[in-house]
Amino acid sequence: KIGNWCFDLRTDKVTGSDELYRIFDIEKPDFDGRYESFVSLIHPDDQSRALRTHAQTRIVGSPFDMEYRILTRNGRIKTIREVGYARQDDAGKVIRLFGTAQDITVRKETEEERDRILNMSYDLICVAGTDGYFKYVNPSSERVLGYTREDLLSRPFLDFTHPQDHAKNDEEVRKLKSGQLTVDFENRLIHKDGSIITINWTVAPLPEKGLMYCVGRDITDCKKVETALRESEEKYRLIF
């Protein structure tokens, strides 16, 4: 789903590969090749940004990599990733733009669905680095811990961990570094209001070196119930 294109500034004509016409849902005989005709295919909300990007390359010859939406003849919206370069004459004047256009609609829809799931999850979903910092936290992480996203990303996660659980955290990270595929453990985190929250974590290394995917569930209430039951049983035994 990658098409090639060329825009000749001397003739104001745009030409493309068969795949480009297919992506943009253009009947080749019906396309007059004018740059304005090509731009008219871009979603109205994205046209000005695309024009600015093209203009920048036409003036200074810098390459670009951008995304925009198009409207096809049947009213379908597609997302396009366009990568472009400039070709200059002997005097340094830009005479031609050329590059590729890729249909990334499915990928964008998948990313949007992933983000929707992450945002709706009740669990804490994070990406953490072995350098000790969160790289990503979902909205539930903010809700459960009481901190803003900026707070959570700017401070080492040990800042939010109960001091007595620091050694446990370090031990679980060492297991992953040694090649273990997943670790499951509980630790206590400190809410912004000073209260203590117990989280059950499942952590696995990501393909990107030094990153870990972490899913945590708030089991604070469950731990309170367990403690209450244990205390009740002990009291019962003392009575009888």
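Residues numbered from 1 in each chain as written. Predicted model: local features only at pLDDT ≥ 70, side-chain atom pairs only at ≥ 80, totals over all residues. Heavy atoms only, no water.

Draft legend 1. Geometry of empty space enclosed by the protein. Across all of its chains, the model carries two cavities of 30 Å³ or more by this definition. Reported here for the largest cavity is a volume of approximately 250 Å³. As for the largest cavity, its lining consists of 21 residues, of which Phe-157, Asn-169, Phe-185, Trp-201 and Cys-214 are closest to the centre. For the lining of the largest cavity, the secondary-structure elements that each account for two or more residues are β6 (124–129), α5 (139–145), α7 (166–177), β8 (183–190), β9 (196–205) and β10 (211–218). For the lining of the largest cavity, the class distribution of residues is 16 nonpolar, four polar and one charged. Trp-5, Phe-7, Val-14, Tyr-35, Phe-38, His-54, Glu-82 and Leu-97 together form the lining of the second largest cavity. Of all the elements in the fold, those that place two or more residues in the lining of the second largest cavity are β1 (2–8) and α2 (35–39). For the lining of the second largest cavity, the class distribution of residues is six nonpolar, one polar and one charged. (1 Å grid on protein atoms, 1.4 Å probe; cavity = no way out; pocket = protein on both sides within 12 Å on 5 of 7 lines; lining within 4 Å. Points joined across faces, edges and corners; volume = space filled by probe spheres on them. Helix = DSSP H or I, 4+ residues; strand = E, 2+ residues; numbered from the N terminus. Nonpolar A, V, L, I, M, F, W, Y, C, P; charged D, E, K, R; others polar.)

Draft legend 2. Molecular detail of the pattern of salt bridges. On inspection of all chains with the given rule, the structure shows 22 salt bridges. Note that Asp-131 is salt-bridged to Lys-135, the shortest N-O span being 2.7 Å. (Salt bridge = Lys/Arg side-chain N within 4 Å of Asp/Glu carboxyl O.)

Draft legend 3. Structural detail: the nonpolar core. Counting 23 residues, the largest nonpolar core has Trp-5, Phe-24, Tyr-68 and Ile-80 as the members making the most contacts within it. Elements supplying a minimum of two residues to this core: β1, α1 (18–23), α2, β3 (64–71) and β5 (94–103). For this core, the element with the most residues is β3, which contributes four residues. Look past the residues within four positions of Ile-80 in its chain and what remains in contact with it is Ile-23, Phe-24, Met-66, Glu-67, Tyr-68, Ile-70, Ala-101, Gln-102, Asp-103 and Ile-104. Counting residues in hydrophobic clusters, the runner-up holds 22 residues, among them Leu-152, Val-183, Leu-189 and Ile-199. (Core = buried A, V, L, I, M, F, W, Y, C linked by side-chain atoms within 4.5 Å. Buried < 20%, exposed > 50% of the residue type's maximum accessible area, 1.4 Å probe, protein only. Contact = heavy atoms within 4.5 Å.)

Draft legend 4. Examining the packing of aromatic side chains more closely. Applying the stated criterion across every chain yields a total of seven aromatic pairs. Aromatic pair Tyr-85 and Phe-98: ring centres 5.9 Å apart, planes at 35°, arrangement tilted. Of the two residues, Tyr-85 is situated in strand β4 (residues 77–88) and Phe-98 in strand β5; the sequence distance between them amounts to 13 residues. We classify Phe-98 as partly exposed; its relative accessible area is 27%. With a centroid separation of 4.8 Å and an interplanar angle of 65°, the aromatic rings of Tyr-147 and Phe-160 are classed as edge-to-face. You can see Tyr-147 sitting in the loop between α5 and α6 (149–154) and its partner Phe-160 sitting in the loop between α6 and α7, a full 13 residues away along the chain. In terms of burial, Tyr-147 and Phe-160 fall into one category: buried. Sitting over the face of the ring of Tyr-35, Arg-58 holds its NZ or CZ atom 5.7 Å from the ring centroid. The ring centre of Phe-98 lies 4.7 Å from the NZ or CZ of Arg-87, which sits over that ring. (Phe/Tyr/Trp six-rings, centres within 6.5 Å; stacked < 30°, edge-to-face > 60°. Lys NZ or Arg CZ within 6 Å of the ring centre and 35° of its normal.)

Nothing here speaks to function; it is geometry throughout.
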